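Take a look at the letters that make up each chain.
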Amino acid sequence: MVKKAASRIYLALIFLFLYLPILVLIVLSFNNSKSRVVWGGFTLKWYAECFKNETITNAFVTTIQITLAAAIISTLLGTLAAIGISAMKKKNKAIMLGATNIPLLNADIVTGVAIMLLFVHFMSLGFTSMLIAHVTLGLPYVILNVMPRFQQLDKNVYEAAQDLGASAVYAFVKVVLPEIIPGIVSGFFFAFTVSMDDFVVTYFTKGAGINTISTMLYQQLRRGINPQMYALSTLLFLTILILLG
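Scoring rules and cut-offs
Residues numbered from 1 in each chain as written. Predicted model: local features only at pLDDT ≥ 70, side-chain atom pairs only at ≥ 80, totals over all residues. Heavy atoms only, no water. Helix = DSSP H or I, 4+ residues; strand = E, 2+ residues; numbered from the N terminus. Rg over C-alpha atoms; globule rule 2.2 N^0.38 Å. Buried < 20%, exposed > 50% of the residue type's maximum accessible area, 1.4 Å probe, protein only. Contact = heavy atoms within 4.5 Å. Lys, Arg positive; Asp, Glu negative; His and termini not counted. Charge placed at Lys NZ, Arg CZ, Asp CG, Glu CD. Phe/Tyr/Trp six-rings, centres within 6.5 Å; stacked < 30°, edge-to-face > 60°. Patch = residues over 30% accessible without salt bridge, like charges linked within 9 Å, V, L, I, M, F, W, Y side chains within 5 Å. Areas by Shrake-Rupley, 256 points an atom, 1.4 Å probe, with all protein chains shown as cover. Salt bridge = Lys/Arg side-chain N within 4 Å of Asp/Glu carboxyl O. Axes fitted to C-alpha atoms, helices over the stretch in contact; angles between N-to-C directions. Parallel < 35°, antiparallel > 145°, perpendicular 65-115°, else oblique. Left-handed = near helix turned anticlockwise from the far one by under 90°. Expected span 1.5 Å × (residues − 1). Bend = angle between axes of the 7 residues up to and from the residue. Nonpolar A, V, L, I, M, F, W, Y, C, P; charged D, E, K, R; others polar. Polar contact = N/O pair within 3.5 Å; in protein donor to acceptor, adjacent residues only side chain to side chain.

Enquirer: How would you sum up the overall build of the protein chain? Please name residues and give values.
Expert: The secondary structure content of the protein chain amounts to 11 helices and 0 strands. Ordering the α and β elements of the protein chain from the N terminus gives α-α-α-α-α-α-α-α-α-α-α. Taken over the C-alpha trace, the protein chain has a radius of gyration of 22 Å; the compact-globule value for 245 residues is 18 Å, which it surpasses by more than 25%. Along the longest, intermediate and shortest principal axes, the C-alpha atoms of the protein chain span 70 × 65 × 30 Å. Put simply, the protein chain has 245 residues, and 34% of those count as buried. Within the protein chain, residue pairs in contact and separated by at least 24 positions form 69% of the contacts whose partners lie at least 6 positions apart. Computed over 17 positive and 9 negative side-chain charges, the separation of the two mean positions in the protein chain equals 10 Å.

Pasting the structure below:
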């Protein structure tokens, strides 16, 4: 009984440690005072003023554009890559999956600097370079979410559809695609979340005059964070929570 109670307390402390900072952020977004230690009363004015700030609006729009575009492109490329890897022999498949895991294990700052050094020799840093960098971040997550679905797929069903007269494309759309859709959707949301949360790679590849929410927050730390950012961060957290739910 004591051991069970201790395990529950330990689990509660872990979740408290993980989510208490977010809870504080949400509370501050309703604080009428700009102070982080003085409660000035309940208000919704930071939410009302959030999108009246042109700097915040531009950063938010850029973040959504980059995140959606990167997630969609990563999902398409990752699904095609998963199809190709699944058709490989066992040894080649193991090599490709190992290469897919490298970006996940690599430090973000190494990835960001490496991509920046690559881009500065071929193109100017800006929206395009940042989009390519975010696609690079999301691609492994899509591949690793779609691949298990291919491993569970019965290849005999696909071959049977072709034997019955279905073309390769028709058999894929009607037989294979419905089976791997959950992996594709999961990979899309992973790529979306990773892209939206990223700061380091974005910072090194964004170029001058372009800001996302994360890079704008970094710049504001020098002179104090505007409470409007608490409201925006709360909305983003709730959006991600709804998508993952």
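Here the narrative resumes, following the displayed structure.
Enquirer: Talk me through the packing of aromatic side chains; I want residue IDs and the actual numbers.
Expert: For the structure shown, the criterion picks out 8 aromatic pairs. Aromatic side chains F15 and Y19 sit 6.2 Å apart centroid to centroid with 5° between the ring planes, which places their arrangement in the stacked category. A residue pair is termed a helical-turn pair when its members lie 3 or 4 positions apart in one helix, as F15 and Y19 do in helix 1 (residues 2-28) at 4 residues. When the ring of F199 is compared with that of Y203, the centres are 5.6 Å apart and the planes differ by 35°; the resulting orientation is tilted. With relative accessibility at 25%, the residue F199 sits in the partly exposed group.

Enquirer: Could you give me a rundown of a nonpolar patch on the surface, with the residues and numbers involved?
Expert: A surface patch of nonpolar side chains, amounting to about 990 Å² of accessible area, comprises I9, L13, L16, L20, L23, V24, V27, W39, F42 and L44. Among the secondary structure elements, F42 is positioned in the loop between helix 1 and helix 2 (45-50). For F42, a relative accessible area of 59% puts it in the exposed group.

Enquirer: Which residues make up the environment of G126, and what values go with them?
Expert: Relative to the helices and strands, G126 is located in the loop between helix 5 (108-120) and helix 6 (127-152). Other than its neighbours up to four places away in sequence, G126 contacts T205, K206, G207 and I210.

Enquirer: Give me the lowdown on the packing of helix 4 (residues 90-105) against helix 6, citing residues and values where you can.
Expert: Running from amino to carboxyl end, helix 4 crosses helix 6 at an angle of 135°, the nearest separation of the two axes being 9 Å. Taken as axis vectors, helix 4 and helix 6 run oblique relative to one another. In this structure, the crossing between helix 4 and helix 6 has a hand that is left-handed. Contacts between helix 4 and helix 6 involve K93, L97, T100, N101, P103 and L104 on the former and, on the latter, P140, Y141, I143, L144 and M147.

Enquirer: Tell me about helix 6, and name the residues and values.
Expert: With 26 residues, helix 6 should reach 38 Å at 1.5 Å per residue; the first-to-last C-alpha distance of 38 Å fits that figure. At G138, helix 6 shows its maximal bend, which comes to roughly 30°, and the proline P140 appears one to four places after that position.

Enquirer: Explain the packing of helix 6 against helix 8 (residues 168-197) to me, using residue names and the numbers behind them.
Expert: Relative orientation of the contacting elements helix 6 and helix 8 amounts to 150°, with a least axis distance of 8 Å. With respect to helix 8, the axis of helix 6 lies roughly antiparallel. As for the relative orientation of helix 6 and helix 8, their crossing is right-handed in sense. Facing helix 6, whose interface residues are H134, L137, G138, Y141, V142, N145, V146, R149 and F150, helix 8 presents V176, E179, I180, P182, G183, I184, S186, G187, F190, A191, V194 and S195. In terms of residue class, the contact of helix 6 with helix 8 is made up of 12 nonpolar, 7 polar and 2 charged.

Enquirer: Would you mind going over the side chain of Q228 in detail, with residue names and values included?
Expert: Considering the arrangement of structural elements, one finds Q228 in helix 11 (residues 227-244). The buried category is assigned to Q228, whose relative accessible area is 8%. At a separation of 3.2 Å, a polar atom in the side chain of Q228 contacts the side chain of E49. With residues near it in sequence (within four places) discarded, Q228 still touches W46, E49, C50, N53 and I56.

Enquirer: Residue-level account of the environment of N145, with values.
Expert: Relative to the helices and strands, N145 resides in helix 6. Sequence spacing of N145 and S186 is 41 residues, and the spatial spacing of their C-alpha atoms is 6.5 Å. Apart from residues no more than four positions distant in its own chain, N145 is found in contact with G183, S186, G187 and F190. Within the structure, N145 has its side chain in polar contact with the side chain of S186 (distance 2.8 Å).

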